[in-house]
Amino acid sequence: MQLQDLQRTRDWIATEEQHIAAAAVRRPAPPPPDGLIERGIGVGQLPVRVHAGGCWDTRKRCTAMTMDEARRALAQGVPPCPHCRPDAALGME
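The rules behind each value
Residues numbered from 1 in each chain as written. Predicted model: local features only at pLDDT ≥ 70, side-chain atom pairs only at ≥ 80, totals over all residues. Heavy atoms only, no water. Salt bridge = Lys/Arg side-chain N within 4 Å of Asp/Glu carboxyl O. Buried < 20%, exposed > 50% of the residue type's maximum accessible area, 1.4 Å probe, protein only. Core = buried A, V, L, I, M, F, W, Y, C linked by side-chain atoms within 4.5 Å. Helix = DSSP H or I, 4+ residues; strand = E, 2+ residues; numbered from the N terminus. Contact = heavy atoms within 4.5 Å. Polar contact = N/O pair within 3.5 Å; in protein donor to acceptor, adjacent residues only side chain to side chain.

Colleague: How do you make sense of the pattern of salt bridges when you look at a structure like this?
Modeller: A side chain with one charge may pair with a side chain of the opposite charge, provided their charged atoms come close. Inspection of every chain in the model, using the stated rule, returns five salt bridges. Arg49 is the salt-bridge partner of Asp57, the closest N and O atoms lying 3.4 Å from each other. Among the residues examined, Asp57 registers a relative accessible area of 12% and is labelled buried.

This is the structure:
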């Protein structure tokens, strides 16, 4: 009796995991943020690079930012990513 209950529970879990996986595939990916700020290694490090939201050369140390924040960071001297060129996209070259 307990083995049957255990098997029923395992079957239920497998079915639910399939439903969750199918729902994740149907859900569109969220749009990329307007921009990203990349910080140096370590806690509390200063910004080292500004990226456009869809840049392929981002790292784990990036956080989302608005276009206004990206403009301010670039104006304050944070270098733009040489690949996605957020400064060109914002007309700040």
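Colleague: Any chance you could explain the nonpolar core here in plain terms?
Modeller: Generally speaking, nonpolar side chains in soluble globular proteins are found buried as a group. By size, the foremost hydrophobic cluster in this structure holds eight residues: Ile37, Val50, Met65, Ala70, Ala73, Leu74, Val78 and Leu90. Per-element tally for this core: the top contributor is helix H2 (residues 67-75), with three residues. Contacts of Val78, omitting those with residues within four sequence positions, involve Ile37, Pro47, Val48, Arg49, Val50 and Ala73.

Colleague: What am I meant to see in the environment of Arg61 here?
Modeller: The residue Arg61 is located in the loop between strand S2 (47-52) and strand S3 (62-65) in this model. Looking at Arg61, the relative accessible area reads 33%, which means it is partly exposed. Sequence-distant contacts of Arg61, defined by excluding residues within four places in its chain, comprise Ile37, Glu38, Arg39, Gly40 and Ile41. Polar contacts involving the side chain of Arg61 include one to the side chain of Glu38, which spans 3.3 Å.

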